[in-house]
Amino acid sequence: MDKLSNILKFKAQCPFLGGTKTSTLRTLCTRASPHYPSLSRLTEKATGCPVMGPILTSRSRQIAAGYASVAGNVDVKKIHQEKGVDMQEASTADIEKCPHASAALSAARMARELSSAQKQRSKPVHTHATQTKPAECPFHNAKAQTTATQPVEEVFDYERFYGEELDKKRADNSYRYFNNINRMAQKFPLAHTGKVTDQVEVWCANDYLGMGNNPVVLETMRHTLDTYGHGAGGTRNIAGNTAMHLALEDELAALHRKDGALVFSSCYVANDATLSTLGTKFPGCVIFSDKMNHASMIQGMRHSTAKRVIFEHNNLEDLEQKLAQYPKSVPKIIAFESVYSMCGSIGPIKEICDLAERYGALTFLDEVHAVGMYGPTGAGVAEHLDFDVYTRAGKTREPISRSVMDRIDIITGTLGKAYGAIGGYIAGSADFVDVIRSYAPGFIFTTSLPPINVAGARASISYQKEYIGDRQLKQMNVRNVKSKFLAKDIPVVPGPSHIVPVLVGDPMLAKIASDTLLTDHGVYVQAINYPTVARGEERLRFTVTPRHTAEQMDRLVSAVDQVFTQLKVKRVQDWKAEGGRAGVGMVDPETVTPIWTDKQLGLLDGTAPKMLKNGEKGVVDARAVDLTREKFVNLLGPLATVELKTGGVFNGQVGFGYPPVNTLEQIPISVAAAA
């Protein structure tokens, strides 16, 4: 029934076939249903189709009836009698001897199971029912009639439940597809697909600065691996609390100028564990949450016993109105983000701090998409808002009283985006950190991160503290791509941050655009659909890095322009004609100013880094490398084993096929704005 070549002819007509990969269809065709052995998994699914279901039932009954007419022939009965087979008392073994009887039994079984499958789909998941009477088959009719039907209690159909839940995701176009993408350390931002020889450009990675292949980071990780091995060996309080973990937490506390920090396996876990713990421990706690907060924060609130109050995105008036409904004696937390990753907006951090002080609330700031990316040392938007103050203060760890970052009670961040590593963390007062360390199950009962990852993260943070050039060049490249998109009338959702969201407005179209860019242009960008963004605001989310060249950016813009034309995706003017959506094509658009000013980028004094061209290597700052290496000498010994070439470019990577070298002092290095 399920010959794949025949089925594939109807992909254009059938929504299910059209939305399912050929490899998946092949599996469905070739594997038997766990509930109805005579049916394939695809046939079982087809019984629920309003078109194919009735057709399958009708055809199977016709086949069974055909065999029944053959079996009723007098000559057939005579043949069986001559062979010593009594058709009224036939056993299963007797039936299998006869091709007619065996086929008839199979046809009858299929008809019965098709009928059962259709009835099952119309029932509630839990029922008490009798078995369906087998379709008439004269070869075993008499025997079947002697078996009385018995009432049975149905077992919950787990596999059917899984399938139906997945069907729902596919039906509303929220099913997630996972591309096989393998970023190559020596060719970043290139990657190969599942086929090693097929290379594509990556335009949606969260490794914002390319620190995942920074030479001093990889060098540090190699030495750590040789010294401490791979795994941590246990939870933090059972064999997994290493000097590397403590040093990383000290580095993070110093970055944010807080008393303490605590590292988690991810920032999803950090947000969930912290908000659920505080929301439960504070008596009668109320958490005020921005409408566009990340799922990890929402989950943490749900896991707590606190009341959750949602305020409109970045709406200070709405937030204050809701805060005012509770006395100061009620414990309150305002949870919000600095950079909202799907739209690129930036939270009003200073103003929320003002409201928190006025109404007696704690501030919980998620800087996941900002750490490493903003501020003189990469501490995030809270630091960036007092850019000049922190620049003059230098690299001390002392808090600057009444600065925005100092006024934030709790900061959370990730090590897996701008720092190119893995893990998440919280930073705040010493007692706050100790409470989370002592009470949060998400911290206590999980294996500690491996020392190699912790060391790599610390090296990355240290390097970015000392070198601002990567942050500057990234922001300049973002400006370049946004302006070229807009010149082509490509609808960029406006925002002051580094996020480049391009509005598509249709889930299927966003998926097709993503696939077309990958297959036809070698451009990998993931489609973002509901529930990550609102329905009707589906988009392609581009991330531009300091390592993307001028030619690659031009090629990207050209490719997106061609695909938008090919697929008839709406342009800015189309959105404007409809009244606008998600900030695109609005009648009275707000003026959006990039958070990085020309002065901060070094455009006014000539210190800005230069955009790369094809064939050029990215700058690696010698001073930042030297200072980072010094931090690991006490644990790993001297690390000066990698050579730099003229222009500040690493010629190699220790431990991965690169030759040892002499000293850094022999090589002229461009230190850009880090001097």
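Residues numbered from 1 in each chain as written. Predicted model: local features only at pLDDT ≥ 70, side-chain atom pairs only at ≥ 80, totals over all residues. Heavy atoms only, no water.

Under the annotation held in an unreviewed UniProt entry, the chain carries the name 5-aminolevulinate synthase and is attributed to Thelephora ganbajun.

A word on the sheet that holds strand β3 (residues 182–183)
As summarised here, the arrangement of the 4 strands in space is β3-β4-β5-β14, forming an open sheet in which the pairing is mixed. Only two strands of the sheet have a single partner each, and these edge strands are β3 and β14 (523–524). Pairing analysis gives 2 bridges linking strand β5 (residues 199–202) to β14, with the strands arranged parallel. Its bridge partner being in β14, Val202 is matched across the sheet by Tyr524. (Pairing = 2+ DSSP bridges. Helix = DSSP H or I, 4+ residues; strand = E, 2+ residues; numbered from the N terminus.)

Digging into the nonpolar core
Grouped together as the largest cluster of nonpolar side chains are 77 residues, with contacts concentrated most on Phe288 and Ile334. Looking at this core, the element that brings in the most residues is helix α22 (residues 451–466), giving 7 residues. If sequence neighbours within four positions are ignored, Ile334 has contacts with Phe288, Phe311, Leu319, Leu323, Ile352, Ala356, Ala361, Leu362, Thr363 and Phe364. By size, the runner-up hydrophobic cluster in this structure holds 33 residues, among which are Cys204, Val502, Val504 and Phe564. (Core = buried A, V, L, I, M, F, W, Y, C linked by side-chain atoms within 4.5 Å. Buried < 20%, exposed > 50% of the residue type's maximum accessible area, 1.4 Å probe, protein only. Contact = heavy atoms within 4.5 Å.)

Notes on a nonpolar patch on the surface
Residues Val155, Tyr158, Phe161 and Tyr162 make up a contiguous nonpolar surface patch of roughly 450 Å² in combined accessible area. Mapping Tyr158 onto the fold places it in helix α10 (residues 158–171). (Patch = residues over 30% accessible without salt bridge, like charges linked within 9 Å, V, L, I, M, F, W, Y side chains within 5 Å. Areas by Shrake-Rupley, 256 points an atom, 1.4 Å probe, with all protein chains shown as cover. Salt bridge = Lys/Arg side-chain N within 4 Å of Asp/Glu carboxyl O.)

Focus on the pairing of β5
Bridge count for strand β4 (residues 190–192) against β5 is 3 bridges, and the pairing is antiparallel. Bridge pairing in β5 places Ala191 opposite Val200. Here β4 hands over to β5 after 6 residues, the two strands then running antiparallel side by side.

What to know about the sheet that holds strand β16 (residues 539–542)
Spatial ordering of the open sheet is given by β13-β16-β15, a layout of 3 strands whose pairing is antiparallel. In this open sheet, the two strands that pair with only one neighbour each are β13 (500–503) and β15 (527–528). Strand direction decides the pairing type here: β13 and β16, joined by 4 bridges, are antiparallel. Bridge pairing in β16 links Leu503 to Arg539. Contacts from helix α24 (residues 507–521) reach β15 and β16, with the element oriented near 45 degrees to β16. (Axes fitted to C-alpha atoms, helices over the stretch in contact; angles between N-to-C directions.)

Let's talk about the pattern of salt bridges
Inspection of every chain in the model, using the stated rule, returns 31 salt bridges. Arg629 is the partner of Glu219 in a salt bridge, and the nearest nitrogen-oxygen pair spans 2.9 Å. Residue Glu219 is found in helix α11 (residues 215–228), and its partner Arg629 is found in helix α28 (residues 622–630); the two are separated by 410 residues along the sequence. The two residues Glu219 and Arg629 agree in class, both being buried. One salt bridge in this structure joins Arg623 and Glu466, with 3.2 Å as the shortest N-O distance. A residue pair is termed long-range when its members are at least 10 positions apart, and Arg623 in helix α28 and Glu466 in helix α22 qualify at 157 residues.

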